[in-house]
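# Observations on chain architecture
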Amino acid sequence: MTSDGPAGRLVVVATPIGNMGDLSPRAADALRHADLVCCEDTRRTGRLLQHAAVAAPPLRRVDAHTEAEAAGDVVARVGRGETVALVTDAGTPGVSDPGTRVVAAVVAAGLAVEVVPGPVAAIAAVVLSGLPTDRLAIDGFLPRGGPERSVRLAELAVERRTTALYEAPGRVAATLAEVAAACGDDRPVAVARELTKLHEEVWRGPAGEAAAWAAAHEVRGEVVIVVGGAPAAEGAEGDDAVLVALRAARAQGLSPGRAAAEVAAALGRPRREVYALALAADET
Ligand code: SAM
């Protein structure tokens, strides 16, 4: 089935994270009308299409290893006027999943990209956590180890936004222990498991207790860890971060006093300290 008009497009389609009822009618339509569906696992997407009673369009496997190569083919097809749909195994493509390279290639070629929005495990978890949702970060999977992991945990310790982390079930207890060590036993967290599925469960409480809970229970299934933001006092940013923020504020034309006031409020630092840094920076 080839699209009617000459203009092709890439359609990024979100799919359920566990509950097939979350496949939107628009998502099913987008898959039905695609000339090609790019997916991580052809068998898994085949089952989804069967569930949605979508007569199978050709499927092409596009995973982390093949995405760069596939991006060129997708651009060529969209350029010829085809409609290419992009899905992943679960949730929204590009969110800790393949997709960004294909989207970037199609954008760079000046071709059309559309999205059919839908489930994102991190958003579902944050909403259920009961933690503030006014400022959010989706930090994906932490680096597996080494200094990269320590740096990310140190960043989490001073992060003011509610942060969602993806984690494999076998690593949840260890990660919660590290979160508690970095952020303090009292930092509020939520552990959201098997969202939208039969055994959906959310554990809410302080990080130290979460680590003990996870160590005492086998945490099965898919899990998102939600970490509450650092309170203002603990979230005080280092001088480097203050200087970066001051430079940005001054570049927008703010006086040293006004810039110091804005940055102090944003980063939770005493205004006089920030003002002193602003004056020192102006002198250098
Ligand atoms: N693109 C997906 C999205 O939009 O949420 C994320 C894909 S990432 C490879 C997979 C991770 O998402 C899992 O390891 C788990 O942390 C989280 N996840 C996926 N489905 C979930 C569910 N039903 N309940 C809780 N976490 C889930």
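Overview of the structure. Being a predicted model, the structure only gives us computed values, none of them experimental.

### Remarks on the overall build of the chain
Across its full length, the chain carries eleven helices and ten strands. Across its three principal axes, the chain shows a C-alpha extent of roughly 65 × 50 × 35 Å. Looking at the chain residue by residue over its 284 residues, the buried ones come to 43%. In the chain, of all internal contacts separated by at least 6 residues, the share reaching a separation of at least 24 is 70%. Of the roughly 14200 Å² that the chain leaves accessible, carbon and sulfur atoms contribute 54%.

### Quick notes on unusual backbone geometry
The phi angle of most residues is negative, glycine excepted, and most peptide bonds adopt the trans form. One non-glycine residue with positive phi stands out, namely Ala-53, at about 55 degrees. In this structure, Ala-53 sits in the loop between α2 (42-51) and β3 (59-61). Unlike most non-glycine residues, Glu-194 shows phi in positive territory, near 50 degrees. Counting through the fold element by element, Glu-194 comes out in the loop between β8 (188-193) and β9 (201-206). Residue Glu-194 is classed as buried on the basis of its relative accessible area of 14%.

### Concerning the nonpolar core
Val-172, Leu-176, Val-179 and Val-189 are the most contacted members of the largest nonpolar core, which totals 21 residues. Val-13, Leu-31, Val-37 and Leu-48 belong to the second-largest nonpolar core, a separate cluster that totals 17 residues.

### As for the packing of helix α3 (residues 67-79) against helix α4 (residues 100-108)
Axis separation between α3 and α4 bottoms out at 9 Å; the angle between their running directions is 35 degrees. Every pair of crossing elements has a handedness; the one defined by α3 and α4 is right-handed. Counted together, Glu-67, Ala-68, Ala-71, Val-74 and Val-75 of α3 and Thr-100, Arg-101, Val-102, Ala-105 and Val-106 of α4 form the full contact between these two elements.

### What to know about the pairing of strand β10 (residues 223-227)
Extensive coverage of β10 is indicated by the burial of five of its five residues. Side-chain alternation along β10 places Val-223, Ile-225 and Val-227 on one buried face and Val-224 and Val-226 on a second face that is also buried. Relative to β10, strand β7 (residues 162-167) runs antiparallel, the two being bridged by five bridges. Within β10, the residue paired with Ala-164 across the bridge is Val-226. Bridging between β8 and β10 involves five bridges; their strand directions are antiparallel. Its bridge partner lying in β10, Ala-192 is registered against Val-224.

### Overview of the packing of aromatic side chains
Counted according to the given criterion, the structure contains two aromatic pairs. On the basis of an interplanar angle of 55 degrees and a centroid distance of 5.8 Å, the ring pair of Phe-141 and Tyr-166 is categorised as tilted. In this pair, Phe-141 sits in strand β6 (residues 136-141) while Tyr-166 sits in strand β7, placing the two residues 25 residues apart along the sequence. Residue classification places Tyr-166 among the buried residues on the basis of a relative accessible area of 11%. Centre to centre, the rings of Trp-203 and Trp-213 are 5.7 Å apart; their planes meet at 25 degrees, and the pair counts as stacked. Linking Trp-203 in strand β9 with Trp-213 in helix α8 (residues 207-216), this pair joins segments that are ten residues apart in sequence. Comparing Trp-203 with Trp-213 shows no difference in burial state: the two are buried.

Reading the values: rules and limits
Residues numbered from 1 in each chain as written. Predicted model: local features only at pLDDT ≥ 70, side-chain atom pairs only at ≥ 80, totals over all residues. Heavy atoms only, no water. Helix = DSSP H or I, 4+ residues; strand = E, 2+ residues; numbered from the N terminus. Buried < 20%, exposed > 50% of the residue type's maximum accessible area, 1.4 Å probe, protein only. Contact = heavy atoms within 4.5 Å. Areas by Shrake-Rupley, 256 points an atom, 1.4 Å probe, with all protein chains shown as cover. Core = buried A, V, L, I, M, F, W, Y, C linked by side-chain atoms within 4.5 Å. Axes fitted to C-alpha atoms, helices over the stretch in contact; angles between N-to-C directions. Left-handed = near helix turned anticlockwise from the far one by under 90°. Pairing = 2+ DSSP bridges. Phe/Tyr/Trp six-rings, centres within 6.5 Å; stacked < 30°, edge-to-face > 60°.

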